[in-house]
Amino acid sequence: MVKYSYFGHACFLLDDGKHKVLVDPFLTGNPVASVSASDVEADYILVTHAHGDHLGDAPDIAARTGAEVVGIPEILDICTSMGADVKGHGMNLGGSLNLPFGKVRMTLAQHSSGVPGGIACGYVIYIGGLVIYYAGDTALFSDMKLIGQKDKLDYALLPIGDNYTMGLEDAALAAQWLGVRHVIPLHYDTWPIIRQDVAKYKELTEKMAHAEVHIVKPGEAIDLA
Ligand code: NI
Ligand code: MN
C-alpha cells in the first residue's frame, strides 16, 4: 500500500512505509499549501520542470533533509547554483532509474520548461507494487496512449486547471487514452485563473474513461491500492 498525501497545487508525497517520495514541492508562496517547506520530509524529490510552482522549495528541502533530487540536468544545475548542498540525479526523457522503492521513468510532457535548454517532463513511478503516472504540466498529447500501452497504469495524476495545462475535457480524454484505473486531479483551484469544477471533471471522466476519479483536497491523504 502506498499513501498519497496532497499538499496543494501539484505537490504530493508518496510513502510506501519505508521511503518518502516528494514531488514538485512548491510550498512557500503556495496559497493552498497544507504543509511548510521546513516541516515536510523526503528521501527523494522528483521535479518535472523549473517553473516556480514545481521546482519551488526543492533545493531547500533537499539541503535540509538530504533527499536526492531527480530531474533533468538543467534543473539540477539550478539547485546547485543556489549554493545548496544538494544530492542530485540527472536523467532525461525515456530514461529509467532504479531506486530502493522501485523505479521511475521520465516521460514526455508538452509544456515549457522554465530553464534555458531544458524540457518539461512527467514521471511513471513504480512504488509499492503500483504504477503511478504523474503527467506534470502538460497539454494533451497522443503519446499518452503509448505510456498506457507500455505500462498497466494503476493511477494517473493529471493537471486539470486549464490555461497553463490541460483543462477538464482534455484531462478526461487523457484518462481514456492512458487506460488507467484511477485518476487523481491536481493543478487546479490554486489561483482564480485555474479554478475548476472538479465534480464536473469526475463526472466527465467517469463517463468517458473506465476510471474512478478520486478528489483529494490539500491536506488530505488517501491510501492507493
Ligand atoms: Ni509549468
Ligand atoms: Mn504549473
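Described below are features of the structure shown in this document. What you see is a predicted model, and the numbers here were worked out from it, not measured in a lab.

### Side note on the coordination of the manganese ion (ligand 2)
For a metal bound by four donors in a tetrahedral arrangement, the ideal donor-metal-donor angle is 109.5 degrees, while six donors in an octahedral arrangement ideally sit at 90 or 180 degrees. Summarising the metal site, the manganese ion (ligand 2) is bound by the protein donors Asp53 (OD), His54 (NE2), Asp137 (OD) and His187 (NE2), whose distances to it range over 2.1 to 2.2 Å. All donors of the manganese ion (ligand 2) come from a single chain, and their spacing in sequence reads D-H-x82-D-x49-H. In this structure the nickel ion (ligand 1) is found 3.4 Å away from the manganese ion (ligand 2), and Asp137 serves as a bridging donor for the pair. Here Asp53 is found in helix H1 (residues 52-55), whereas its partner Asp137 is found in the loop between strand E10 (130-134) and helix H4 (144-150), with 84 residues between them in sequence. Considered together, Asp53 and Asp137 belong to a single accessibility category, that of buried residues.

### Quick word on the sheet that holds strand E2 (residues 11-15)
Across a sheet, paired strands are connected by hydrogen bonds in the backbone, their directions being either parallel or antiparallel. Ordered by their spatial adjacency, 7 strands build an open sheet running E6-E5-E4-E3-E2-E1-E14, and the pairing between neighbours is mixed. Every interior strand has two partners, whereas the edge strands, strand E6 (87-90) and strand E14 (221-224), have only one. Direction aside, the axes of adjacent strands within the sheet are offset by 20° on average. Pairing between strand E5 (residues 68-71) and E6: 4 bridges, direction parallel. Looking at the pairing, Val69 lines up with Gly88 of E6. In this fold helix H3 (residues 73-81) packs onto E5 and E6, with an angle of close to 145° to the strand it touches most, E5.

### Some details on unusual backbone geometry
Leaving glycine out, the prevailing phi sign among residues is negative, and the prevailing peptide bond configuration is trans. Residues other than glycine seldom take positive phi values, yet His9 does so here, at roughly 60°. With respect to the secondary-structure elements, His9 resides in the loop between strand E1 (2-8) and E2. By relative accessible area, His9 is classed as buried at 0%.

What counts and what doesn't
Residues numbered from 1 in each chain as written. Chains lettered and ligands numbered in written order. Predicted model: local features only at pLDDT ≥ 70, side-chain atom pairs only at ≥ 80, totals over all residues. Heavy atoms only, no water. Donors = N, O, S within 2.8 Å, 3.2 Å for Na, K, Ca; no water. Helix = DSSP H or I, 4+ residues; strand = E, 2+ residues; numbered from the N terminus. Buried < 20%, exposed > 50% of the residue type's maximum accessible area, 1.4 Å probe, protein only. Pairing = 2+ DSSP bridges. Axes fitted to C-alpha atoms, helices over the stretch in contact; angles between N-to-C directions. Contact = heavy atoms within 4.5 Å.

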